[in-house]
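Chain by chain, the residues run as shown.
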Amino acid sequence: MSTVEDFFAQHDDWPWNPPRPGRATFHYLILVTEGELRHDVDHVTRIVAPGQWLWVRPGHAQCWHPPGVARGPFILFEPDVLRPDLARLLAPLTAHEAPAVLSPHPDDAAWLQQTALQLLDEHRALGRRPLDVHHALRRSLLESLLLRLANSPGIAPVGTATAEATARAGRGRADRYGRFLDALELHFRELHQAADYAELLGCSVRTLSRAARDATGKGVRELIDERRLLEARRLLGGARWDARAVAVHLGFTDPANFGRFFRDRTGLTPAAFAARAARTDA
């Protein structure tokens, strides 16, 4: 737990020779209270205005921009810090595909800022109270903040399916789509067909396809390809893998097939994309 301004002050060797994209292994949660924060999440530059929150989730590729005048609390926490029952409630908020920039409901904004500042104060109060009480207070404040932040527009209500999804398909399909996303995150490197995931989930391809279209308007194969493409962009642009290694990692039997897959969806060859990313980072 820190602040944006302290973070930049602690890294006085900026521009980090220079800053390069990296894969987040923690949750990075930043409230901007003053100024404007620019931050790349999965190779897209996000501009975070006062009152908004930036959330970089584990697995995302991220890259810092040069320090500006942004101010605000900076919360860093591990994925397993949340109790299992709370993690299930907050799944729509912590999900890999949830929005990177959150604009809380106006009724929640002041409360969220105050809670974030209280969490910062408690973090700095190490030694003021018994250690177990200190940790319990920090956990309680974080959980309260996340539960309230989950009320932000664009996030499914905590503990429920969205009203729209319920009207279209009911809870069953929404749950099936959620289980598909979990399976996709685990297996997108080796499983590339809708039938593979239908078999894993114990349903028909038609049933899985309906659940995916109800939730996103997209087909299962399109969602699989989007996840593979996202990983390819991360590895080519951030991790500096070459196209052949990425092709093998993502289950392509021929690098040429991967090249066509990537070019058809981005308009660039893998090599051209990697070269552009390298120029941007220079």
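Now for a description of the structure that goes with this document.

The rules behind these values
Residues numbered from 1 in each chain as written. Predicted model: local features only at pLDDT ≥ 70, side-chain atom pairs only at ≥ 80, totals over all residues. Heavy atoms only, no water. Helix = DSSP H or I, 4+ residues; strand = E, 2+ residues; numbered from the N terminus. Buried < 20%, exposed > 50% of the residue type's maximum accessible area, 1.4 Å probe, protein only. Areas by Shrake-Rupley, 256 points an atom, 1.4 Å probe, with all protein chains shown as cover. Arc of directions from axis to C-beta. Core = buried A, V, L, I, M, F, W, Y, C linked by side-chain atoms within 4.5 Å. Contact = heavy atoms within 4.5 Å. Pairing = 2+ DSSP bridges. Phe/Tyr/Trp six-rings, centres within 6.5 Å; stacked < 30°, edge-to-face > 60°. Lys NZ or Arg CZ within 6 Å of the ring centre and 35° of its normal. Salt bridge = Lys/Arg side-chain N within 4 Å of Asp/Glu carboxyl O.

1. So, the overall build of the chain
Assigned secondary structure in the chain consists of 13 helices and nine strands. Looking at the chain as a whole, 42% of its 282 residues are labelled buried. Total accessible area computed for the chain in this model is approximately 14300 Å², and 53% of it derives from carbon and sulfur atoms.

2. A few points about helix α8 (residues 194-201)
Along α8, the positions that sit buried rather than exposed are A194, Y197, A198 and L201. Buried residues of α8 fall within an arc of 105° about the axis and therefore sit on the same side. Just past α8, the residue G202 takes up positive phi, approximately 70°.

3. Observations concerning the nonpolar core
One finds F180, Y197, L208 and F258 to be the most contacted residues of the largest nonpolar core, which totals 30 residues. Mapped onto this core, the elements with two or more residues apiece are α7 (170-187), α8, α9 (205-216), α10 (220-237), α11 (243-249) and α12 (255-266). Considering each element in turn, this core owes the most residues, seven residues, to α10. With residues near it in sequence (within four places) discarded, Y197 still touches F180, A183, L184, H187, F188, L191, L208 and I224. Core analysis: the second largest hydrophobic core is formed by 24 residues, I75, F77, L141 and L142 among them.

4. Quick notes on the pairing of strand β6 (residues 53-56)
Neither face of β6 is exposed, since W53 and W55 on one face and L54 and V56 on the opposite face are all buried. Here strand β3 (residues 27-31) runs beside β6; their pairing, made up of four bridges, is antiparallel. Looking across to β6, one finds that I30 is bridged to L54. Looking at chain direction, β6 and strand β9 (residues 101-102) are connected through two bridges and run antiparallel. Bridge pairing in β9 links L54 to V101.

5. What to know about the packing of aromatic side chains
All told, the structure shown has 13 aromatic pairs when counted by the stated rule. On the numbers, 5.9 Å between centres and 50° between planes, the contact of F258 with F262 is tilted. Taken together, the residues F258 and F262, both in helix α12 and four residues apart, mark about one turn of the helix. As far as burial versus exposure is concerned, F258 and F262 are alike and both buried. Following the ring pairs from residue to residue traces out a cluster consisting of F7, F8, Y28, W64 and F74. Above the plane of the ring of W111 lies R148, whose end atom (NZ or CZ) is 4.4 Å from the centre. Stacked on the ring of F188, the Lys or Arg R227 has its end atom at 4.2 Å from the ring centre.

6. Remarks on the environment of R244
Examined against the element boundaries, R244 turns out to sit in helix α11. The exposed category is assigned to R244, whose relative accessible area is 58%.

7. Brief notes about the pattern of salt bridges
Oppositely charged side chains can form a pair if their charged atoms are brought close together. Enumeration according to the criterion identifies 13 salt bridges in this entry. In this structure, D225 and R221 form a salt bridge, with 3.2 Å as the shortest nitrogen-oxygen distance. Highlighted residues: D225 and R221, both in helix α10, separated by four residues, approximately one helical turn. Take D225: its relative accessible area is 10%, and that puts it in the buried class. Note on R221: relative accessible area 38%, which makes it partly exposed. In the salt-bridge network here, residues are joined through shared partners; they are D42, E185, R227, E231 and R234.

8. So, the environment of L236
Here L236 lies in helix α10. Take L236: its relative accessible area is 1%, and that puts it in the buried class. In the structure, L236 is positioned 34 residues away from P270 in sequence and 7.2 Å away in space, judged by C-alpha atoms. Those residues in contact with L236 that sit more than four places away from it in its chain are W241, D242, A243, V246, F258, F262, P270, F273 and A274.

9. Let's talk about unusual backbone geometry
The backbone of D42 shows a phi angle near 50°, a positive value even though the residue is not glycine. Looking at the secondary structure, you find D42 in the loop between β4 (37-41) and β5 (44-48). At H43, a residue that is not glycine, the phi angle is positive and equals roughly 70°. Within the fold, H43 resides in the loop between β4 and β5. Residue classification places H43 among the partly exposed positions, given a relative accessible area of 25%.

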